[in-house]
Structures are given as structure tokens and as C-alpha cells.
Amino acid sequence: MKPLHSRRFGRHWVVALAASLVAAAALAEVGQIKVAKGQVSVERNGQALPGQVGMLLESADVLRTGADGSVGITMRDNSLLSAGPNSILSLERFEFDPTTSQGRFDARLQRGTLSVVSGRIAKQAPEAMTVRTPSAVLGVRGTEFVVSTHD
Amino acid sequence: MTSLLRHVAALALAALLAACAAPQGSVVLLPDKDGKNTAVVVTQGTQQVPLTQPYAAAHLTSGGPQAYQSSAQEVQTTYAAALAARPLPPAQFTLYFVEGKDEFTEESKKIIDGVFAEIAKRPVPDVVVIGHTDKVGTDVFNDALSRQRAEVVRNALLARGIAVDKVVTIGRGKREPVVPTAEGVAEARNRRVEIQVR
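## A look at the interface of chain A and chain B
At step 1: Taken together, the 48 residues of chain A in the interface contact 54 residues of chain B.
At step 2: Elements with a minimum of two residues in the side of chain A that touches chain B: helix H1 (6–25), strand E1 (29–37), strand E6 (70–75), strand E7 (80–83), strand E9 (103–117), strand E11 (137–142) and strand E12 (144–149) of chain A.
At step 3: Grouping the constituent residues of the side of chain A that touches chain B by class yields 22 nonpolar, 21 polar and five charged.
At step 4: In the sheet, E11(A) pairs with strand E2 (residues 39–44) of chain B via five bridges, with the strands oriented antiparallel. Note that in E2(B) the partner of Val140(A) across the bridge is Val40(B).

Pasting the structure below:
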């Protein structure tokens, strides 16, 4: 790596600034539905939206699957969460700085079955990711596990 | 067996049944592909059970987590649908930069072909381009440089037809070297760009 010429460096700052503005605009997205089968809905601000492949997810979204439903999501930190039938999964809190990998991810399985592969947030700081059920808190040190909970 | 022993055995069995009487769910640690640093700590109230081995498991009960050993078969029975819905893991590619140059080598062009093959496998692909530097210079300098390297790769992907909104760039600066070095050390293997197809 060689020191960049100062004028070029100035131009790069503009590019960097533009990139961070794009990042800020995209900050509301915490993940995306990559797999959906059967009945899947996403509750956001009190509204139930159909959960379709490609849908972008936001912090505080609640995913619900029907008796024939299942859903798989990829989070911005590469965490993979997938829920089986009759499940309720809340993305309670998701914060992620892609430059430092620091963040916070709290998910809650209210009901049903869930498979988890943790991502960059848990890798960076093992205390930074939890999955809760109505009766338990799971501290995620990495990487793959499954959890089920009944009403 | 004396009647006292029978009594004790019956009580122990009753206690065990009571603990299992109200199963509220379960947790099973799965084998990790890397086979290291994998664990889940299950907490209910003041009771904790760490799961650290493949298929180590806990029943969640009103009496706290009850450790047990699960199996691949049990996991498949209970979690088949959830596991079948798991998204494809991100596919990773790495391009190395010739010092002071932005153009791709022949090798790198082949890697880009691999990126497009992965994109074709996925119904809603998105691509993350992550630039890295070696440990020469400050964080501010390297953050900007790593983002610039990522932009170069992003532009190459855009030139080959990926939609603009499908590619994001990240500059990790010098935080994640492949080859650990002291500050200020120039190391070609750390000057790289990772492409993740998700």
C-alpha cells in the first residue's frame, strides 16, 4: 500500500462519503427473506404483510408461519435464521456496523421451531447475540443450533 | 429392596418426572463446520447449562434447563422443516490486489466467473464486497483505501451486469488481516477484497 496522492485522496473521500450515505439509507434493512414456503406473514407496525422471498426485513419485525409454512432469512451480518411451521419469530433488536463488525442481535422465538447459524456479530463479540424463548435466554457463542418452544 | 430404598427410588423418580413434566421446549447444539468455538449457554432464571459438544442439548422446563444428549435423528425429526428452510450460506471469494494496481489478473477473472455462477444459484441474490488492507497506515486511511478497493470490484461486477441495488461495499480497513502482522508491516496477502454472495 502506497500513500495516495493528496488530490486523489480527496476524491476518494467523496466516494467514501457517498458510500456511507448509501449505507445510512439502507440501514433500516436488517435482513432479507431468502426462502419462504406455505403461509408466511410479517407483522410490522401493527400490520400483517405477506412474507415473500426477497422481502427486506426491519428491526422489530415479527415473522409468523402457518401450519404448512416455513421461512429462512439472511441477516446483514450473515446470520441465518429459519423457522418451521406454526412459529412466531421476533427480530427484536438488530444493530450492525459492517466496518467494525460490532453490533447487537436479539431475536425471540415465541413459538415453534428455529434453526440458527450465527454470523459476524456473534463472532466479533460472543455476548452480543441472544435468542430468547418465553422461558429461557440462549447466549450464542457460535455457531449452529436449533431451538423449539411451545406456548 | 427394602421399603425405605423403594420409597427413596420412588421419590427420585417423581422428582425427575416433575422436572420433565412441563417441557417448554428444547435446545440442541449442532456440529460446526469449522469444529471450533461453538457453544450455546442456556439460561433459565439463575440456572445455566452450557452446550459445548455436538448434539449436547437441554430441555427447557419449569425447573430449569435439563441437560441431555440429542442426536442427528432426533434433530431431523423435530426440526426438518426449519432446517430445510435455511438459506444457502454466503459463498465467499477473495481477490488479491497487485500493489498499486486496480486491474484484475487472469486468475481473478476466473474467480469473477465463479461469483456469477453462485449468483445464478440463488432466487434473490445479494452481493457484499468487503475491502481489506495490510497494517501500513492509520485506520482512517485504511478504511478509505479498503472501501476504494471494494468499489473497484463492485464496478467490475456492475460492468458484467449485476443490478446496482444488489451490491453493497464495505471497507474493513486493517481490522481483519488473513496473515496477522505487527502495525506498519506491508503484507500482500492482506491487501484483498472478499466477495460474499448471499
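From this point, things continue past the structure.
## Looking at helix H2 (residues 72–84) of chain B
At step 1: Taking 1.5 Å per residue as the helical rise, H2(B) with its 13 residues ought to reach 18 Å, whereas the 14 Å between its terminal C-alpha atoms falls clearly short.
At step 2: Of all the bends in H2(B), the greatest measures close to 70 degrees and is centred on Thr78(B).
At step 3: Among all positions of H2(B), only Val75(B), Tyr79(B), Ala81(B) and Ala82(B) are buried.
At step 4: Summarising the contacts, the buried residues of H2(B) are in contact with E6, E7, E9 and E12 of chain A together with strand E1 (23–29) of chain B.

## Quick notes on unusual backbone geometry
Residue and element names in this part refer to chain A.
At step 1: Here Asn78, not a glycine, exhibits a phi torsion of approximately 75 degrees, which is positive.
At step 2: Its place among the elements puts Asn78 in the loop between E6 and E7.
At step 3: Judged by C-beta crowding, with 21 C-beta atoms within 10 Å, Asn78 ranks as buried.
At step 4: Unusually for a residue other than glycine, Asn86 sits at a positive phi of about 50 degrees.
At step 5: Residue classification places Asn86 among the partly exposed positions, given that 18 C-beta atoms sit within 10 Å.

## Re the nonpolar core
At step 1: Grouped together as the largest cluster of nonpolar side chains are 53 residues, with contacts concentrated most on Val71(A), Leu114(A), Phe145(A), Val146(A), Val27(B) and Leu51(B).
At step 2: A total of six residues in this core trace back to one element, the largest contributor, which is E9(A).
At step 3: With sequence-adjacent residues up to four places away left out, Val146(A) is seen in contact with Thr113(A), Leu114(A), Ser115(A), Val28(B), Leu30(B), Val75(B), Tyr79(B) and Ala82(B).
At step 4: Counting residues in hydrophobic clusters, the runner-up holds 15 residues, among them Leu95(B), Leu157(B), Ile170(B) and Val193(B).

What counts, and where the lines are drawn
- Residues numbered from 1 in each chain as written.
- Chains lettered and ligands numbered in written order.
- Predicted model: local features only at pLDDT ≥ 70, side-chain atom pairs only at ≥ 80, totals over all residues.
- Contact = placed C-beta atoms within 7 Å.
- Helix = DSSP H or I, 4+ residues; strand = E, 2+ residues; numbered from the N terminus.
- Nonpolar A, V, L, I, M, F, W, Y, C, P; charged D, E, K, R; others polar.
- Pairing = 2+ DSSP bridges.
- Expected span 1.5 Å × (residues − 1).
- Bend = angle between axes of the 7 residues up to and from the residue.
- Buried ≥ 20, exposed ≤ 12 C-beta atoms within 10 Å, placed from the backbone.
- Core = buried A, V, L, I, M, F, W, Y, C linked by C-beta atoms within 7 Å.

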